[in-house]
Amino acid sequence: MYIVQIASECAPVIKAGGLGDVVYGLSRELEIRGHGVELILPKYDCMRYDHIWGLHEAYRDLMVPWFDGAIRCNVDCGWVHGRLCFFIEPLSEDNFFNRGCYYGCLDDHLRFAFFSKAALEFLLVTNKRPDVIHCHDWQTGLVPVMLFEIYKYHGMENQRVSYTIHNFKHQGVAGANVLWATGLNNEPYYFTEDRLMDNTHPTAINFMKGGIVYSNFVNTVSPHHAWEARFTEVGCGLGKTLYDHQHKFGGVLNGIDYEVWNPVVDRYIPYHYSSDDLKSKTLNKKALRERLWLNHSDKPIICYIGRLDDQKGVHLVHHAIYYALHKKAQFVLLGAATEPGINSWFWHEKNHLNTNPDCHIELGFNEELSHLIYAGADMIVVPSNYEPCGLTQMIGLKYGTVPIVRGVGGLVNTVFDWDYDENKPQEERNGFVFYQTDNGAIESAIDRAIDLWYKSPKLFRQLMIQGMECDYSWNHPGAQYVGIYDHIRHK
Ligand SMILES: Nc1ncnc2c1ncn2[C@@H]1O[C@H](COP(=O)(O)OP(=O)(O)O[C@H]2O[C@H](CO)[C@@H](O)[C@H](O)[C@H]2O)[C@@H](O)[C@H]1O
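- As recorded in an unreviewed UniProt entry, the protein goes by Glycogen synthase and comes from Floridaenema aerugineum BLCC-F46.

If you want it as structure tokens, here you go:
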């Protein structure tokens, strides 16, 4: 099959979070399975150009219709760790992708509506006719809308779209001007409940809803979150739309790329190790302490790696820091906040704890450091309010870093409580799970983890090894996506 992924991120060249990992890892897995894969991405000024090999001009003067005129674009092409990527560069005063950031601009809806339109225009004029176009999240929700309302009539009638939702919180809710910009000019036609009209704000359109309504198949990134999205408030107003389209909606658990996230081959950690040889994990722990100026002691290290926002349960992350220190553990946090209030809160904590030899708070995005933390820590906390899949607990497992998680979304499908899981035998359990959102809940899970670490090191080691032996590679999800592509192609 010939598959084109259209996305706003692809790790490691463009990565704000888990979306980037998934776009890269899935593409690689599809290629291993013998399929042809190409990616279309925005050409951001701030992306990691050092991860692109052979960047060159692929197409000049792509004229992309936009409002009453057109925006001229160049398309560059290069390989990101073996994946063939096309980067769209609009040449207009809007400066859509020269903002020094990936997201967070007031006109994000226009930036990504334009990108979606440009990606389709590029496929059209270059005569690329993929069997399946795979889009991700709200940024590319308009791709299937434009494909089936416009491009289908220009020679793209055989393309099918698979749409993956990584986060229901951000849906791309915008005004009617986006319709005029993208050539979807018929306002009354699109402003209906069964098309693009936002379920909560009837005067706005919703990109993600468009993705759900128009795609041939829609999924979120774990089976449990697929259920939550339909039946609880985490669907953020799209539950009804998902219900109406339930025949083409499901959950596919993400994988992680074991070429990138694997202590046996990881190129960012000083000492490689596997479940047969955990001694070198201790050397990484030492290296982590040296790097972050932490005390060398016999304490366990608990870490948190991830975006600092409401989704991730920042109050519990914050509480976990102080509770861990109180329980004779060390704590390492690596995270970035986009919300100013959360950002200044954690800067305050960083300053406050700056001289504490058992704690390090690193605020910012640092891919290389994240690898060393996964390898050097003993436990990782993931106390999310909601979590569509969650990659950090799966990476933690692979590195023998025992996850302590809240039982929501994909965390339910991947972490099984050492003491209490009723559905898994002891030898298949791999972490600690709590359910409530109060401090007491995370405290009791941390207590159990730290107790096991101090009092029963052999059992803790067994728990680590059981986690390392879980298979959360792309192998299984890769097969599921190929099944989905096959299904929509032959419909
Ligand atoms: N400051 C930092 N420095 C370096 N690396 C950092 C970092 N902050 C985060 N990362 C890395 O970014 C990734 C985050 O993965 P998550 O599963 O937490 O994704 P996120 O919530 O962004 O995305 C959404 O999409 C993913 C993919 O589908 C879902 O798993 C998830 O539930 C959903 O919320 C990990 O690789 C992590 O190591």
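**Some words on the overall build of the protein**
Logical step 1: Of regular secondary structure, the protein possesses 17 helices and 17 strands.
Logical step 2: Over its C-alpha atoms the protein spans a radius of gyration of 23 Å, differing by no more than 12% from the 23 Å that the globule rule assigns to 491 residues.
Logical step 3: Taking the principal axes of its C-alpha atoms as reference, the protein extends roughly 70 × 45 × 45 Å.
Logical step 4: For the protein, buried positions account for 62% of its 491 residues.
Logical step 5: By sequence separation, contacts in the protein at least 24 residues apart represent 72% of the contacts at least 6 residues apart.

**Concerning the UniProt feature "domain: Starch synthase catalytic" (unreviewed entry) in the protein**
Logical step 1: UniProt annotation of "domain: Starch synthase catalytic" (unreviewed entry) refers to residues 3-242 when read in the numbering used here.
Logical step 2: For residues 3-242, the end-to-end C-alpha separation is 25 Å, with 30% helix and 27% strand making up the annotated structure.

**Topic: helix 15 (residues 439-455)**
Logical step 1: Here helix 15 is 17 residues long and its end C-alpha atoms lie 23 Å apart, about the 24 Å a rise of 1.5 Å per residue gives.
Logical step 2: Along helix 15, the positions that sit buried rather than exposed are Ala 441, Ile 442, Ala 445, Ile 446, Asp 447, Arg 448, Ala 449, Ile 450, Leu 452 and Trp 453.

**Brief notes about the sheet that holds strand 6 (residues 132-136)**
Logical step 1: Pairing within the open sheet is mixed, and its 9 strands lie in the order 3-4-5-2-1-6-7-10-11. Edge strands, defined here as strands with exactly one partner in the open sheet, are strand 3 (52-66) and strand 11 (249-251). Each adjacent strand pair in this sheet contributes to an overall mean axis angle of 25°, direction not counted.
Logical step 2: Looking at chain direction, strand 10 (residues 217-220) and strand 11 are connected through 3 bridges and run parallel. The residue of strand 11 that forms the bridge with Thr 220 is Gly 251.

**With respect to the site of the ligand**
Logical step 1: In the neighbourhood of the ligand, 31 residues make up the surrounding shell, with Asp 21, His 166, Lys 312, Glu 387 and Leu 391 lying closest.
Logical step 2: Here Gly 18 contributes a backbone N or O atom positioned 3.0 Å from an oxygen atom of the ligand.
Logical step 3: With respect to the ligand, the backbone of Cys 389 contributes an N or O atom lying 2.9 Å from an oxygen atom.
Logical step 4: With the chains in place, 97% of the 720 Å² that the ligand exposes on its own is no longer accessible.
Logical step 5: Counting residues per element, the ones that place at least two in the shell around the ligand are helix 1 (18-32), strand 12 (301-307), strand 13 (330-336), helix 12 (367-376) and helix 13 (392-398).
Logical step 6: The residue makeup of the shell around the ligand, split by class, is 13 nonpolar, 12 polar and 6 charged.

**Some remarks on the packing of aromatic side chains**
Logical step 1: Under the criterion given, the structure shown has 22 aromatic pairs.
Logical step 2: Each ring, one from Trp 227 and one from Phe 231, has its centre 5.7 Å from the other, and the planes form 45°; the classification is tilted. Separated by 4 residues within a single helix, Trp 227 and Phe 231 lie in helix 7 (residues 223-231), roughly one turn from each other.
Logical step 3: Owing to a relative accessible area of 47%, Phe 231 belongs among the partly exposed residues under this scheme.
Logical step 4: Taking the centre distance of 5.1 Å and the plane angle of 90° together, the rings of Trp 453 and Tyr 454 count as edge-to-face.
Logical step 5: Judged by relative accessible area, which is 17%, Trp 453 ranks as buried.
Logical step 6: The ring of Tyr 189 has Arg 195 lying over it, and the distance from NZ or CZ to the ring centre is 3.7 Å.

**What to know about the pattern of salt bridges**
Logical step 1: Taken as a whole, this structure holds 28 salt bridges when the rule is applied.
Logical step 2: The salt bridge partner of Lys 424 is Glu 428, with a shortest N-O separation of 3.8 Å.
Logical step 3: Residue Glu 428 is classed as partly exposed on the basis of its relative accessible area, which comes to 41%.

**Thoughts on the nonpolar core**
Logical step 1: One finds Phe 331 and Leu 333 to be the most contacted residues of the largest nonpolar core, which totals 176 residues.
Logical step 2: Excluding residues within four positions of it along the chain, Phe 331 makes contact with Ile 302, Cys 303, Tyr 304, Ala 320, Ile 321, Ala 324, Leu 325, Asp 358, Cys 359, His 360 and Val 381.

**Concerning the side chain of His 371**
Logical step 1: Position of His 371 among the secondary structure elements: in helix 12.
Logical step 2: Among the polar contacts listed, one links the side chain of His 371 to the side chain of Asp 266, at a separation of 2.6 Å.
Logical step 3: Residues within four places of His 371 in sequence aside, it is in contact with Val 260, Trp 261, Asp 266, Tyr 268, Ile 269 and Tyr 399.

**Thoughts on the packing of helix 10 (residues 314-326) against helix 11 (residues 340-353)**
Logical step 1: It is the contact of helix 10 with helix 11, at a shortest axis distance of 12 Å, that shows an interaxial angle of 10°. Regarding the angle of helix 10 to helix 11, the classification is roughly parallel. For the pair helix 10 and helix 11, contact is made by Val 314, His 315, Val 317, His 318, Ile 321, Tyr 322 and Leu 325 and by Ile 342, Trp 345, Phe 346, Glu 349, His 352 and Leu 353, respectively.

**Focus: the sheet that holds strand 16 (residues 402-406)**
Logical step 1: Within the open sheet, the 6 strands sit side by side as 14-13-12-15-16-17. Their pairing is parallel. Of all the strands in the sheet, the pair left with one neighbour each is strand 14 (359-363) and strand 17 (432-434). Looking at each pair of strands side by side, their axes are set apart by 15° on average, direction ignored.
Logical step 2: Sheet analysis places strand 12 next to strand 13, joined by 7 bridges and oriented parallel. For Tyr 304, the partnering residue across the bridge sits in strand 13 and is Leu 333.
Logical step 3: In this fold helix 10 packs onto strand 12, strand 13, strand 14 and strand 17, with an angle of close to 160° to the strand it touches most, strand 13.

**With respect to the pairing of strand 1 (residues 2-6)**
Logical step 1: Extensive coverage of strand 1 is indicated by the burial of 4 of its 5 residues.
Logical step 2: Pairing geometry for strand 1 and strand 2 (residues 36-42), over 5 bridges, is parallel. Residue pairing in the sheet places Ile 6 in a bridge with Ile 40 of strand 2.
Logical step 3: Running through helix 1, the crossover from strand 1 to the neighbouring parallel element strand 2 is right-handed.
Logical step 4: Sheet topology places strand 1 next to strand 6; 4 bridges connect them, and they run parallel. Its bridge partner lying in strand 6, Ile 6 is registered against Cys 135.

Parameters and conventions
- Residues take numbers from 1 onward in each chain, read along the sequence in its written order.
- In keeping with the predicted nature of the model, local features appear solely for residues at pLDDT of at least 70, side-chain atom pairs appear and are counted solely at 80 or more, and the whole-chain, interface and lining totals rest on all residues.
- For the side-chain quantities, the full set of heavy atoms in the structure was used; hydrogens and water were omitted.
- Strands are runs of DSSP state E lasting at least 2 residues, helices are runs of H or I lasting at least 4, and numbering of each runs from the N terminus.
- Computation of the radius of gyration draws on C-alpha atoms alone. For the globule rule, the value is 2.2 Å times the number of residues to the power 0.38.
- Using a 1.4 Å probe on the protein chains alone, a residue whose accessible area is under 20% of its type maximum counts as buried, one over 50% counts as exposed, and one in between counts as partly exposed.
- For this analysis, residues touch if any pair of their heavy atoms sits within 4.5 Å.
- UniProt positions are given in the numbering used here, feature names are shortened, and annotations may be inferred rather than shown by experiment.
- Expected span of a helix: the number of residues minus one, times 1.5 Å.
- At least two bridges found by DSSP between two strands is the condition for calling them paired.
- In this analysis, axes come from line fits to C-alpha atoms, helices being fitted only over the stretch in contact, and the angle between any two N-to-C directions falls in the range 0 to 180 degrees.
- The nearness test applies per residue and asks whether one of its heavy atoms lies within 4 Å of the molecule or strand.
- Distance and chemistry together define a polar contact, namely a pair of N or O atoms within 3.5 Å, with one atom able to donate a hydrogen and the other to accept it when in protein, and with adjacent residues in sequence counting only for side-chain atoms on both sides.
- Computed with a 1.4 Å probe, the accessible areas rest on the Shrake-Rupley method; for each residue, only the protein chains presented here act as cover.
- As a working rule, the residues Ala, Val, Leu, Ile, Met, Phe, Trp, Tyr, Cys and Pro are called nonpolar, Asp, Glu, Lys and Arg charged, and the rest polar, with Gly in that last group.
- Two aromatic rings, drawn from Phe, Tyr or Trp (for Trp, its six-membered ring), form a pair once their centres lie within 6.5 Å of each other, and the interplanar angle then sorts them: stacked below 30 degrees, edge-to-face above 60, tilted otherwise.
- Criterion for a charge above a ring: Lys NZ or Arg CZ within 6 Å of the ring centre, and within 35 degrees of the ring normal.
- The term salt bridge refers to a side-chain nitrogen of Lys or Arg lying within 4 Å of a carboxyl oxygen of Asp or Glu.
- To form a nonpolar core, buried Ala, Val, Leu, Ile, Met, Phe, Trp, Tyr and Cys residues must be joined to one another through side-chain atoms within 4.5 Å.
- Any angle that is under 35 degrees is reported as roughly parallel, and any over 145 degrees as roughly antiparallel; angles of 65 to 115 degrees are reported as roughly perpendicular and all others as oblique.
- Throughout, right-handed denotes a crossover for which the path from the first strand over the helix to the second runs clockwise when the strands point away from the viewer.

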